[in-house]
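Structural characterization, general
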Amino acid sequence: MIDKDLLAILACPKCKGHLKYLEAKEGLACETCLLLYEVRENIPVMVIEEAKALKAEDLEG
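Below or above, wherever it landed, is the structure these notes cover. Sequence order as written defines residue numbering, which begins from 1 separately in each chain. With the structure being a predicted model, the display of local features is reserved for residues of pLDDT at least 70 and the display and counting of side-chain atom pairs for 80 or more, all residues being used for whole-chain, interface and lining totals. Excluded from the side-chain calculation are hydrogens and water; included are all heavy atoms of the structure.

Quick notes on the pattern of salt bridges
Condition: For salt bridges, the criterion is a side-chain nitrogen of Lys or Arg within 4 Å of an Asp or Glu carboxyl oxygen.
With the rule as written, the count across this model stands at five salt bridges. Three or more residues are tied together by salt bridges with common partners; here these are Glu38, Arg40, Glu50 and Lys52.

In structure tokens form, the structure reads like this:
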């Protein structure tokens, strides 16, 4: 889980858009770019080159 205060100030490094925490994927998702930024040891890895591609259905739920 990621701290709610931290999540409120983080933005997608690619588009500067809002991020959503996906517990099942253990990462932060950008709905605009369809990218997932992993959270490793409670630290978000906000590197575009390390982000994983998402499908729109991954964002549901």
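Additional details are given in the paragraphs that follow.
Concerning unusual backbone geometry
Note the threshold: Here a helix means four or more residues in a row that DSSP labels H or I, a strand means two or more in a row labelled E, and each is numbered from the N terminus. Classification of residues uses two cut-offs on accessible area relative to the type maximum, computed with a 1.4 Å probe and protein chains only: under 20% is buried, over 50% is exposed, and between them is partly exposed.
Positive phi values are uncommon outside glycine, yet Glu26 reaches one of about 50°. When you line up the elements, Glu26 lands in the loop between β1 (19–22) and β2 (27–30). Under the relative-accessibility criterion, Glu26 is labelled exposed at 52%. Even without being glycine, Leu34 reaches a positive phi, approximately 55°. Considering the arrangement of structural elements, one finds Leu34 in the loop between β2 and β3 (35–40). According to the relative accessible area criterion, Leu34 is partly exposed, its value standing at 28%.

Brief notes about the environment of Leu6
If you trace the backbone, Leu6 turns up in helix α1 (residues 4–9). Along the primary structure Leu6 and Leu54 are separated by 48 residues, whereas in three dimensions their C-alpha atoms are 22 Å apart.

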